[in-house]
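# A look at the structure
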Amino acid sequence: MLYRMFQKNAHCRPYLPHTKVLSASTLREMLSTYGSVYVKPVAGSRGRGVMRIASRDDLYQLHIENHPEKTFASFTRLFRAVSAITAGKRYIVQRDAQLARIKGRPFDVRVMLQKNEHGAYQCTGICAKVAGPHSAVTNVARSRGYVLALETALDRALGMPTDRQEELRKELVALGFAAARHMESYQSYAEIGLDVGIDKTGKLHFLEINTGPSHALFHHKETAAMYKTIQQVARNRVGGSG
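Residues numbered from 1 in each chain as written. Predicted model: local features only at pLDDT ≥ 70, side-chain atom pairs only at ≥ 80, totals over all residues. Heavy atoms only, no water.

### Some words on the overall build of the protein chain
Within the protein chain, the regular secondary structure consists of 7 helices and 12 strands. Over its C-alpha trace the protein chain gives a radius of gyration of 18 Å, about what one expects of a compact globule, namely 18 Å for 242 residues. Judged by the C-alpha coordinates and their principal axes, the protein chain covers about 60 × 40 × 30 Å. Residue burial in the protein chain is summarised as follows: out of 242 residues, 48% are buried. Relative to all contacts within the protein chain whose residues are 6 or more apart in sequence, the contacts with residues 24 or more apart total 58%. Just so you have it, the protein chain exposes about 12,000 Å², and 50% of that area is on carbon and sulfur atoms. A gap of 7 Å separates the mean positions of the 35 positive and 20 negative side-chain charges of the protein chain. (Helix = DSSP H or I, 4+ residues; strand = E, 2+ residues; numbered from the N terminus. Rg over C-alpha atoms; globule rule 2.2 N^0.38 Å. Buried < 20%, exposed > 50% of the residue type's maximum accessible area, 1.4 Å probe, protein only. Contact = heavy atoms within 4.5 Å. Areas by Shrake-Rupley, 256 points an atom, 1.4 Å probe, with all protein chains shown as cover. Lys, Arg positive; Asp, Glu negative; His and termini not counted. Charge placed at Lys NZ, Arg CZ, Asp CG, Glu CD.)

Below you can see the structure in the form of structure tokens.
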């Protein structure tokens with residue numbers, strides 16, 4: 001599991017949101033502690049199968065991507081519905097990081113790292129992924145969301161001053177390199193896409209890592225220069241490998 005893998009890394013560990021293997025007891029415990037959580041498939045990616053669950057005033061709200069929100073009057077009924085969805089597959093329950101929002105929509109950040117023709121990682125792109133309307137996930141394609149430059153998102157969501165934006169960008173890049181090096185200790189990859197949440201206080205949360213990250217995510221007006229760089233690095237690597 002991703003959480004256990006990166007718990008072993010001293011740099012990445014402080015950024016990991018509290019995560020447990022899903023069961024009735026862990027879901028109840030996490031909801032009692034945090035009020036809202038995400039339930040995700042262990043083998044999932046790109047926002048598929050993700051559920052957001054919140055408890056409020058003895059009611060439980062379940063939000064599944066592209067489905068109307070459901071409310072349950074007891075934990076037993078909630079967990080019965082969750083179990084029907086998970087159907088014996090392995091899921092995790094993770095603290096809701098309470099991501100910063102732009103016009104009510106949460107966003108996270110994609111940090112793109114690629115190996116160049118010499119086999120060294122370089123950070124070739126960073127962008128903000130804003131969730132679509134009424135979405136529980138920030139995957140742009142699945143939620144019909146949109147992409148912004150990191151600085152635009154930080155300004156709109158948090159009113160963050162320029163000097164703090166630059167500090168946060170450096171922190172994101174450092175986390176990206178640390179995650180890439182840790183992945184490399186298990187298996188070699190040509191490209192890695194790190195998804196990092198930013199909460200309302202500006203704190204970073206390591207959400208997910210993709211070993212086949214989309215280049216097209218950066219094919220937008222505000223990130224067009226990064227898209228060209230990403231494509232060029234990929235071409236150079238292929239050309240240089242021969």
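### What about the pairing of strand 8 (residues 105-115)?
Across the 11 residues of strand 8, 10 count as buried, placing the element largely inside the fold. Bridging between strand 7 (residues 101-102) and strand 8 involves 2 bridges; their strand directions are antiparallel. Looking at the pairing, Arg101 lines up with Pro106 of strand 8. Here strand 7 folds back onto strand 8 in antiparallel fashion, the turn holding 2 residues, of which Lys103 has a positive phi close to 50°. Where strand 8 hands over to strand 9 (residues 121-130), the hairpin turn is made up of 5 residues, of which Gly119 adopts a positive phi near 85°. (Pairing = 2+ DSSP bridges.)

### Some points on helix 2 (residues 24-34)
Along helix 2, the positions that sit buried rather than exposed are Thr26, Leu27, Met30 and Leu31. The buried side chains of helix 2 occupy one side of the element, clustering within an arc of 130° when seen end-on. In helix 2, the exposed residues that point more than 90 degrees away from the buried face are Ser25, Ser32 and Thr33. Directly after helix 2, the chain includes Gly35, whose backbone phi takes a positive value near 85°. (Arc of directions from axis to C-beta.)

### Some remarks on the layout of surface pockets
Of the volumes computed, that of the second largest pocket is approximately 220 Å³. Looking at the second largest pocket, it is lined by 14 residues, and the ones nearest its centre are His63, Arg101, Gly104, His134 and Ser135. Of the residues belonging to the lining of the second largest pocket, the class tally is 4 nonpolar, 5 polar and 5 charged. (1 Å grid on protein atoms, 1.4 Å probe; cavity = no way out; pocket = protein on both sides within 12 Å on 5 of 7 lines; lining within 4 Å. Points joined across faces, edges and corners; volume = space filled by probe spheres on them. Nonpolar A, V, L, I, M, F, W, Y, C, P; charged D, E, K, R; others polar.)

### Comments concerning the side chain of Thr223
Checked against the element boundaries, Thr223 lands in the loop between strand 12 (204-210) and helix 7 (224-240). With relative accessibility at 2%, the residue Thr223 sits in the buried group. A polar side-chain atom of Thr223 sits 2.7 Å from the main-chain carbonyl oxygen of Phe218. (Polar contact = N/O pair within 3.5 Å; in protein donor to acceptor, adjacent residues only side chain to side chain.)

### Side note on the sheet that holds strand 6 (residues 91-95)
Strand order in the open sheet formed by 6 strands is 1-6-2-3-4-5, with antiparallel pairing between adjacent strands. Edge positions in the sheet fall to strand 1 (19-21) and strand 5 (70-72), since each has one partner strand and no second. Going from strand to strand, the sheet's axes swing by 25° on average, the running direction of each strand aside. Sheet topology note: the strand 1/strand 6 ladder contains 3 bridges and is antiparallel. Paired with Thr19 across the two strands is Gln94, which belongs to strand 6. (Axes fitted to C-alpha atoms, helices over the stretch in contact; angles between N-to-C directions.)

### Notes on the pattern of salt bridges
By the definition in use, this model includes 9 salt bridges. Ionic contacts of the salt-bridge type, sharing partners, join the residues Asp108, Arg110, Lys129 and Asp195 into one network. (Salt bridge = Lys/Arg side-chain N within 4 Å of Asp/Glu carboxyl O.)

### Re the packing of aromatic side chains
For the coordinates displayed, the defined rule picks out 3 aromatic pairs. Judged by centre distance (5.9 Å) and plane angle (70°), the rings of Tyr60 and Phe75 are edge-to-face. Residue Tyr60 is found in strand 4 (residues 59-64), and its partner Phe75 is found in helix 3 (residues 75-86); the two are separated by 15 residues along the sequence. Across this residue pair, the class does not change: Tyr60 and Phe75 are buried. Ring plane angle 15° and centroid distance 6.1 Å describe the contact between Phe75 and Phe79, whose orientation is recorded as stacked. Placement of both Phe75 and Phe79 in helix 3 is noted, with a separation of 4 residues, approximately one turn of the helix. Judged by relative accessible area, which is 6%, Phe75 ranks as buried. One aromatic cluster is present, built from ring pairs that chain together Tyr60, Phe75 and Phe79. (Phe/Tyr/Trp six-rings, centres within 6.5 Å; stacked < 30°, edge-to-face > 60°.)

### Section: empty space enclosed by the protein
The rolling of a water-molecule-sized probe over the atoms marks out the regions of remaining empty space. Under the defined criterion, the tally for this structure stands at 1 cavity of 30 Å³ or more. The space that makes up the largest cavity amounts to roughly 70 Å³.

Geometric descriptors of this kind do not, in isolation, establish any biological role.
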